[in-house]
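# Tertiary structure, described
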Amino acid sequence: MATRQLDRLQGALLGTALGDAVGAPFEGRHGIATREVEAWLASSAQLRWTDDTHMAMTLAQVLRDTDGSLDTQRLGDAFAVAYESEPWRGYGAGPPQVFALARGGMTYLEAAGSLFSGSGSFGNGAAMRVAPVALAARGDVDQAAALAETQARVTHTHAEAVDGAVFVATAACVLASGTGDRAEVIALLPRAADLLPSGRVRAAITEIIDAARAGEDPAAVAHDLGTGVAARESVPAAVAAVLVGEDVTSTLVAAVLLGGDTDTIAAMAGAMAGARYGASSIPDRLLARLEDRETLDELASTLLTQGEPDHTG
Ligand code: AR6
Ligand code: MG
């Protein structure tokens, strides 16, 4: 694989962690001022990430240890062990319930499907952690889509949560193959959106891309659609940030300024912008502040160099 594409895929994982950590202090807020985000970026404080990156790293480890193939029980157990070791990372309410039900004897798929009166979670938890599948699939869109869906269902069985995860993973793959040019991004993102079944996630993403194509402000559309923890809101919001941004840093600023679930919107925007611009484009002064950057680099390089994955679940 070309060095440039490896750099782009590595960028998807680093961008996830960086976005998560940059957005974390602003979570739940609205009306955030640009100067506040710029002051945070200019500070020297450690950039500590949350459950988004914690789960992404666990997914990366499982993909690495199984040569890229994905067993849902094994992945669920790994998520549960990681949660038990650091439950303070800011997890949503759903995943710990899944882990408890699985400890009681249900399969992870059954447990995840039983949440919220049997509708499954429509939260963004499966989409926020998905970047490692783009690396394990080494940019192959179909393989990434299959892996994204399999990993999603371990905790999130609602179609909107699965769609969000499939979109972020496949968008990272298509963006990693491009030049990063904005007009090209507007042309490439629908390739990922068109892989989704019709539904609220695809419709909202399409609305954001159409706004950008028409010369309107995608951030204003995202603001109207909402920026909460539901995948149908936060995944389109992350797309808006990508369409506003001109590099990884400005994409993350745009994501945080949307407010709401800022850490996760920025994590997903970071996955896509990292794939658009590459790990080598991310300023060293930010990466030097990122918690456990060495482990992220190691996981990325291992995933990108190991053999072709098989995605049976
Ligand atoms: N019906 C009603 N409410 C729901 C449903 C549903 N079917 N699905 C989700 N919710 P969860 P996540 C609401 O708990 O997706 C962390 O801060 C419900 O209020 O499955 O992993 C991360 O950093 C539920 O608790 O967790 C992310 O920001 C919430 O959506 C986020 O949480 C989140 O779904 C990830 O959360
Ligand atoms: Mg979080």
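Coordinates for the structure precede this section.
Attention in this report is confined to the structure presented alongside it. (Residues numbered from 1 in each chain as written. Chains lettered and ligands numbered in written order. Predicted model: local features only at pLDDT ≥ 70, side-chain atom pairs only at ≥ 80, totals over all residues. Heavy atoms only, no water.)

### Some thoughts on the overall build of the protein chain
Going by this rule: Starting at the N terminus, helices and strands are each numbered in turn, a helix being any DSSP run of H or I of at least four residues and a strand any DSSP run of E of at least two. To get the radius of gyration, use the C-alpha atoms; to get the globule rule, take the number of residues to the power 0.38 and multiply by 2.2 Å. Relative accessibility under 20% of the residue-type maximum defines a buried residue, over 50% an exposed one, and the middle range a partly exposed one, all with a 1.4 Å probe and only protein chains included.
Counting its secondary structure elements, the protein chain contains 18 helices and 0 strands. Against the compact-globule benchmark of 20 Å for 313 residues, the protein chain has a radius of gyration of 17 Å, which places it among compact chains. With the principal axes as the frame, the protein chain shows a C-alpha extent of 50 × 40 × 40 Å. When each of the 313 residues of the protein chain is scored for burial, the buried share is 59%.

### So, the nonpolar core
Our working rule: Nonpolar core, defined: a set of buried Ala, Val, Leu, Ile, Met, Phe, Trp, Tyr and Cys residues in which side-chain atoms within 4.5 Å join the residues together. What makes two residues a contact is simply this: any of their non-hydrogen atoms within 4.5 Å.
Counting 112 residues, the largest nonpolar core has Phe167 and Leu290 as the members making the most contacts within it. Of all the elements, helix α10 (residues 159-176) adds the most residues to this core, at 12 residues. Contact partners of leucine 290, with chain neighbours within four places excluded, come to Leu14, Ala17, Leu18, Ala21, Leu47, Trp49 and Leu296.

### Quick look at the coordination of the magnesium ion (ligand 2)
Note the cut-off: Distances define the donors: N, O and S atoms within 2.8 Å of the metal qualify, as do those within 3.2 Å of Na, K or Ca. Water is excluded, so some sites may look unfinished.
Taken together, the protein donors to the magnesium ion (ligand 2) comprise Thr50 (OG1), Asp51 (OD), Asp52 (OD) and Asp263 (OD), at separations of 2.0 to 2.5 Å. Counting along the primary sequence, the residues that act as donors to the magnesium ion (ligand 2) give the motif T-D-D-x210-D. A residue pair is termed long-range when its members are at least 10 positions apart, and threonine 50 in the loop between α2 (34-42) and α3 (51-65) and aspartate 263 in helix α16 (residues 262-277) qualify at 213 residues. You'll find threonine 50 and aspartate 263 in the same group, each marked buried.

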